[in-house]
Amino acid sequence: MRCRDTVPVLVGLRRHGQTDSATALTTEKAGVTSGTPTPSWTEVIKKGKNKKPPTSAEVAEKTEKAEKPGATRPRARARPSAILVNVGDMQFPELAKKIRGGVNQAIIGDSVVGMRQAKSGGLLIEVRGDQEHIEAVRAEVARSAGPDVQVKSLQQRALVEILDLDQWTSSDEVNQAVAGAASIGQDTVKVVSLRKRFVGSQLALVSLPQVASRKLTNAGRLRIGMVSCRVRMADTKVRCFHCLAFGHTSNNCEGPR
């Protein structure tokens, strides 16, 4: 009686469009009822793609990246110091020839690495060497150009942050400490700001020649007073003076006018 009752169930399932799993389940029950042996069910696990084991080079690369310290700040491109001779476009060819033929080569040596016309129309002479030698070259160029021509030296500068200053530190103390550690004159160091921070400490923002700033940042610390202060490059931010947003200047501002 049970076997006969099962057959209509199978037919009804097929007529109504049931899935094969339901049919198989009913067939299994029928087999158990009728006493016939039923096959055992096995769960099928979907396998992914066969991945090749990583090579020794890939393992070494991953290990190196994991052990690598956090991202450092981008290093500013170092440009050589320069001497600018202010002269008009009409006088530029004659003055350039005059300076080239009138300077003392013993003083200049091989310190000049470039010589071209600046965007402002003057003569730009790129010079390498320390501050004392650059000043000697500037004086020689000024002598050759004549007393009526203005000659000034240009240097790429950098901003340095000095942290952990005590609350009694003054700008003069910062100036003296920075000039002594970088081996430069105090007139080339400018303390841009000295502001108070939390827990009675202060932060100084100092502008100095980029070559000298590397000495401070490579050392990492600078003793001012009794405190060994941390030294790092300042994170300069570009800000638009029109919309007051960061990341662009007013010339490239797309905000409402």
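Just above, that's the structure.
Worth saying up front: this structure is predicted, and the values here are computed from it rather than measured.

Enquirer: Explain the overall build of the protein chain to me, using residue names and the numbers behind them.
Expert: Scanning the protein chain from terminus to terminus reveals 8 helices and 9 strands. Within the protein chain, the proportion of its 257 residues that are buried is 28%. Once local pairs closer than 6 in sequence are excluded, the contacts in the protein chain between residues at least 24 apart make up 62%. When the accessible area of the protein chain is evaluated, it comes to approximately 19,000 Å², of which 53% is carbon and sulfur surface.

Enquirer: Quick rundown of the side chain of serine 111? Include the residues and the values.
Expert: Here serine 111 shows up in the loop between helix H5 (105-108) and strand S2 (112-117). The buried category is assigned to serine 111, whose relative accessible area is 3%. In terms of polar contacts, serine 111 uses its side chain to reach the side chain of histidine 133, at 3.2 Å. Those residues in contact with serine 111, other than ones at most four positions away along the chain, are Glu126, Val127, Arg128, His133 and Val137.

Enquirer: Got a sec to walk through the packing of helix H7 (residues 171-182) against helix H8 (residues 210-219)? Specific residues and values, please.
Expert: At a minimum axis distance of 9 Å, the contact between H7 and H8 shows a crossing angle of 95°. With respect to each other, H7 and H8 are oriented roughly perpendicular. Contacts from Val178, Ala181 and Ala182 in H7 reach Ala212, Lys215 and Leu216 in H8. Partitioned by chemical class, the residues of the contact of H7 with H8 number 5 nonpolar, no polar and 1 charged.

Enquirer: Now, about the sheet that holds S2: what can you tell me, with residues and values included?
Expert: Taken in spatial order, the 4 strands of this open sheet run S2-S3-S1-S4, and their pairing is antiparallel. On the outer flanks of this sheet lie S2 and strand S4 (151-154), each paired with one strand and no other. Taken pair by pair, the neighbouring strands of this sheet meet at an average axis angle of 20°, ignoring direction. In the sheet, strand S1 (residues 81-85) pairs with S4 via 4 bridges, with the strands oriented antiparallel. By the bridge assignment for S4, isoleucine 83 is matched with serine 153. On the sheet, helix H4 (residues 92-102) packs against S1, S2 and strand S3 (123-127) and is oriented at approximately 160° with respect to S2.

Enquirer: Give a detailed account of H4, specifying residues and quantitative values.
Expert: Think of an α-helix as 3.6 residues a turn; residues three or four steps apart then line up on the same face. Looking at H4, one finds that the buried residues are Phe92, Leu95, Ala96 and Ile99. Down the axis, H4 shows its buried residues gathered within 100° of arc, on one side only. Across from the buried face of H4, at angles greater than 90 degrees, the exposed residues are Glu94, Lys97 and Gly101. Residues of H4 that are buried sit in contact with S1, S2, S3 and helix H6 (131-145).

Enquirer: Describe the pairing of S1, listing the residues and the values that go with them.
Expert: Burial analysis of S1 places 5 of its 5 residues in the buried class, which makes it a mostly covered element. In terms of strand pairing, S1 meets S3 through 5 bridges, oriented antiparallel. Residue pairing in the sheet places isoleucine 83 in a bridge with isoleucine 125 of S3.

Enquirer: An account of the packing of H4 against H6 is requested, with residue identities and associated values reported.
Expert: The contact between H4 and H6 brings their axes to 9 Å, and the two run at 120°. With respect to H6, the element H4 is oriented oblique. Of the two elements, H4 crosses H6, and the hand of that crossing is right-handed. Along the contact surface, H4 presents Leu95, Lys98, Ile99 and Gly102, while H6 presents Glu140, Val141, Arg143, Ser144 and Ala145. The residue inventory of the contact of H4 with H6, partitioned by class, reads 4 nonpolar, 2 polar and 3 charged.

Cut-offs and rules
- Residues numbered from 1 in each chain as written.
- Predicted model: local features only at pLDDT ≥ 70, side-chain atom pairs only at ≥ 80, totals over all residues.
- Heavy atoms only, no water.
- Helix = DSSP H or I, 4+ residues; strand = E, 2+ residues; numbered from the N terminus.
- Buried < 20%, exposed > 50% of the residue type's maximum accessible area, 1.4 Å probe, protein only.
- Contact = heavy atoms within 4.5 Å.
- Areas by Shrake-Rupley, 256 points an atom, 1.4 Å probe, with all protein chains shown as cover.
- Polar contact = N/O pair within 3.5 Å; in protein donor to acceptor, adjacent residues only side chain to side chain.
- Axes fitted to C-alpha atoms, helices over the stretch in contact; angles between N-to-C directions.
- Parallel < 35°, antiparallel > 145°, perpendicular 65-115°, else oblique.
- Nonpolar A, V, L, I, M, F, W, Y, C, P; charged D, E, K, R; others polar.
- Pairing = 2+ DSSP bridges.
- Arc of directions from axis to C-beta.
- Left-handed = near helix turned anticlockwise from the far one by under 90°.

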